[in-house]
Amino acid sequence: MRHWGCGRDGSLVSEQFELFVGIDWAAESHEVCVLDAERRVIDRKTVEHSGTGIAQLCDLLLKLSNYQPSRVAVAIETPHGAVVETLVERQFTVFAINPKQMDRFRDRHSVAGAKDDRKDAFVLGDSLRTDLHLFHRVQLDEAQVICIRELSRTEEDIVQEQVRAGNQLRELLRRYYPQMLNLCPGVDEIWFWDLIECAPKPEAVRKLTRSKIERLLKEHRIRRLSAEEILAALNAPPLQLAPGAVEAASEHVLLQLPRLRLLQQQKNDVAARIQSILDEMSQPGQSGEHRDAAIILSLPGVGRIIAATMLAEASQALAQRDYHALRSYSGSAPITRQSGKKKLVLMRRSCNQRMRNALYHWARVSVQHDDHSREHYAQLRRVGHKHGRALRGVADRLLPVLVAMLKSGTLYDPQRRTNSPTQTMDSQTA
C-alpha cells in the first residue's frame, strides 16, 4: 500500500508501507499491535520497558518485515523517549499523534467510550493505516538540541523549586520574624540568607554589630540599604509567641537556607551550561552562513532563556522554516468556530505552554527595545485590544521575520523591516 508521508524538509514523499504498528506506551510495559495493509492483526505483544524488551520488539518487527524496516510504519502518542529513539535508530519510520486526536480515533471503534491498552494499540495502528497524513513523522534532533532541551526544562524545574522553597521561607519568617521581610520581601537574595544566619531569632539582633552588617553588605555589593537601616528594621518590637515557638521556627528556617543555596547554585550551573551550548551552536556554519541559534539570538527581545526554549520545543519547525507550525506551537495562531451566521475567532488554548510563555516574553521585551514592535503594540492598544492580545499580535509579526531570516541565513537588521507585514494575519489573531 502506497502512502504519502512527510519528508525531512517538510515536503510530501511517497512511501511504501506493508506493516502498521500501534504502540500504547506506559511506564513499565508497552502494548504492541501489528497490522498488515488489509487490517489483519499479524501479532500482538506486551513489551517490557527495558533495553532487552525494546530490542526484542525491534527484532520482531524486522522479522515480520523480512528485514526491511523501511516498510514498517509505527504509531505512538509521544514523539520522544527510549522506544521512539530506538525505533528511529533502527531505521523504522515512526509517527506521533496528539493524545487528543487519539481520543477521536478511538471513538470510531467504540461510541460507548470503552478503553483498554490493547485496544488503543490496535486503534493507533489502524488509524495510521487509514489517516497517515494526520500523523507527525518523528525525526531525531541533533545532540546539542536534545541537550539544550533537557537543560532548559531542568532550569524551569529548578526555578519552580526555588519559588516553592522561597514561599516556605517567607511564611516561616512571617510566623515569628516579620521585621526581617521588610529588608527583602522576595527572600531570594544570598545576602539576605547570610543575614538570617547571623540573626536567626529576634533576640539575636542584640549581638549583631554595625561593622558585621557593613562587611556583609560590602561582600555582596548591596548599596540600597545601610547598616543603620537594617538594625533599625530588625530592632522593631518582636511578636509575642508561645514558649518554644520562636526556637522551633528558627530551626526550620536554618534548614531551609542550605536548600535555597543549593538550588541557586544548580540554577547558575545550568544557565552557564545552556549559554555555552548556545555559543557553540552560534558558530558560523559552512561558507560563513549564520547558524540558527545566532539568528534567533540576534532578534530584539531574545535572550538565553527564550532562545533555548525555542530551539528545544520547536526544533523541527525551525529546521523546516515552517511559519504556520511555529504559530500553532506557540499559540499565536487563532482558532475559528463558525456555524451558520455565528463566527468566533478565539485564542488558541491547545499549544506548547513553554513556547507560549517564550513568545509572550519575547514580544514583551521586544516592545521595550525595538521601535517597530513598540509602534505595532501601541497601534493594537489604540484600537482596543488588551495587553495580552497586543503582545500576541507583536509576536505574530516577529515570527515571519524570524522565518525570513532563517531562510536567508542573515542576522536581524531593523533597517530591512518594512511597515507592510507579509503573512502575519494580524487581523485574524485572537
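Data block above holds the structure.
Residues numbered from 1 in each chain as written. Predicted model: local features only at pLDDT ≥ 70, side-chain atom pairs only at ≥ 80, totals over all residues. Heavy atoms only, no water.

Topic: the pairing of strand 5 (residues 41-48)
1) Next: Bridging between strand 4 (residues 29-36) and strand 5 involves seven bridges; their strand directions are antiparallel. Counted as the bridge partner of Leu35 is Val41 from strand 5.
2) Next: A loop of four residues connects strand 4 with strand 5, the two strands running antiparallel in sequence, and Arg39 in this loop sits at a positive phi of about 75°. (Pairing = 2+ DSSP bridges. Helix = DSSP H or I, 4+ residues; strand = E, 2+ residues; numbered from the N terminus.)

Comments concerning the pattern of salt bridges
1) Next: Per the stated rule, a full pass over the model turns up 25 salt bridges.
2) Next: A salt bridge links Glu228 to Arg210; the nearest nitrogen and oxygen atoms lie 2.4 Å apart. Placement of Glu228 in helix 9 (residues 227-234) and of Arg210 in helix 8 (residues 210-219) is noted, with a sequence separation of 18 residues between them.
3) Next: Among the residues examined, Glu228 registers a relative accessible area of 40% and is labelled partly exposed.
4) Next: Look at Arg210 and you get partly exposed, because its relative accessible area is 42%.
5) Next: Via salt bridges that share partners, Arg153, Glu156, Glu313 and Arg354 belong to a single interconnected network. (Salt bridge = Lys/Arg side-chain N within 4 Å of Asp/Glu carboxyl O. Buried < 20%, exposed > 50% of the residue type's maximum accessible area, 1.4 Å probe, protein only.)

A closer look at the pairing of strand 6 (residues 72-76)
1) Next: In terms of residue burial, strand 6 counts as a mostly covered element, since five of its five residues are buried.
2) Next: Of the two faces of strand 6, both are covered, the one formed by Val72, Val74 and Ile76 as well as the one formed by Ala73 and Ala75.
3) Next: Two elements, strand 3 (residues 19-24) and strand 6, share five bridges in a ladder whose sense is parallel. Across the sheet, Gly22 pairs through a bridge with Ala75, a residue of strand 6.

Structural notes on unusual backbone geometry
1) Next: Phi at Arg221 takes a positive value of approximately 55°, unusual for a residue other than glycine.
2) Next: Structurally, Arg221 can be placed in the loop between helix 8 and helix 9.
3) Next: Positive phi, close to 55°, is recorded for Arg321, a residue that is not glycine.
4) Next: For Arg321, the position within the fold is in the loop between helix 13 (315-319) and helix 14 (323-330).

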